[in-house]
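# Summary of structural features
What follows is each chain in one-letter form.
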Amino acid sequence: MSFAEDVHQAFAGVMQAHGLGLVSRLVFVVELVEDSGELQLLRGSVPADMPVWSELGLHRYAVADIEALVTASRVAGSEEDE
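A brief report on the enclosed structure follows. What you are looking at is a predicted structure, and each value in this text was computed from that prediction instead of being measured.

Within the chain, the regular secondary structure consists of two helices and two strands. The order of α-helices and β-strands along the chain, N terminus first, is α-β-β-α. Computed over the C-alpha atoms, the radius of gyration of the chain is 16 Å, more than 25% above the 12 Å expected from 2.2 N^0.38 for a compact globule of 82 residues. Viewed in the frame of its principal axes, the chain has a C-alpha envelope of about 45 × 40 × 30 Å. Relative to its full complement of 82 residues, the chain shows a buried share of 16%. For the chain, the proportion of contacts with a sequence separation of at least 24, taken over those separated by at least 6, is 27%. Carbon and sulfur atoms make up 57% of the accessible area of the chain, which amounts to about 6800 Å² in all. Each charge class in the chain was averaged separately, 4 positive and 14 negative side chains, and the resulting centres sit 11 Å apart.

So this is what it looks like as structure tokens:
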């Protein structure tokens, strides 16, 4: 089993435990701190054969959702980060 598949199973278990929906596809970006203190990004997707354009589309969808929350917060007059 690959690392991405392990992450998918763990995440799906957490979603199920909280009564949320079935995880059909997953893209993730994780910021890692190496022993040297350097920051690195780890990204992955499940299924492993997901086309890169589908992966990119899911990331863009997530960014659009975050931007919508920030915009709504600013319109409401709240300057705090969520």
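That covers the picture; the talk isn't over yet.
In this structure, Ala4, Met15, Val23, Leu26, Phe28 and Val46 together form the largest nonpolar core, which totals six residues. Among the elements of the structure, helix H1 (3–17) and strand S1 (26–33) are those that each provide at least two residues to this core.

Let's shift gears to unusual backbone geometry. Across the junction of Val46 and Pro47, the peptide omega takes the value 10°, indicating a cis bond. The topology assignment puts Pro47 in the loop between strand S2 (39–46) and helix H2 (52–75).

Here we come to the pairing of S1. Sheet topology places S1 next to S2; eight bridges connect them, and they run antiparallel. Within S2, the position partnered with Val27 by the bridge is Ser45. Between S1 and S2, which pair antiparallel in sequence order, lie five residues; one of them, Gly37, sits at a positive phi of approximately 95°.

Reading the values: the criteria
Residues numbered from 1 in each chain as written. Predicted model: local features only at pLDDT ≥ 70, side-chain atom pairs only at ≥ 80, totals over all residues. Heavy atoms only, no water. Helix = DSSP H or I, 4+ residues; strand = E, 2+ residues; numbered from the N terminus. Rg over C-alpha atoms; globule rule 2.2 N^0.38 Å. Buried < 20%, exposed > 50% of the residue type's maximum accessible area, 1.4 Å probe, protein only. Contact = heavy atoms within 4.5 Å. Areas by Shrake-Rupley, 256 points an atom, 1.4 Å probe, with all protein chains shown as cover. Lys, Arg positive; Asp, Glu negative; His and termini not counted. Charge placed at Lys NZ, Arg CZ, Asp CG, Glu CD. Core = buried A, V, L, I, M, F, W, Y, C linked by side-chain atoms within 4.5 Å. Pairing = 2+ DSSP bridges.

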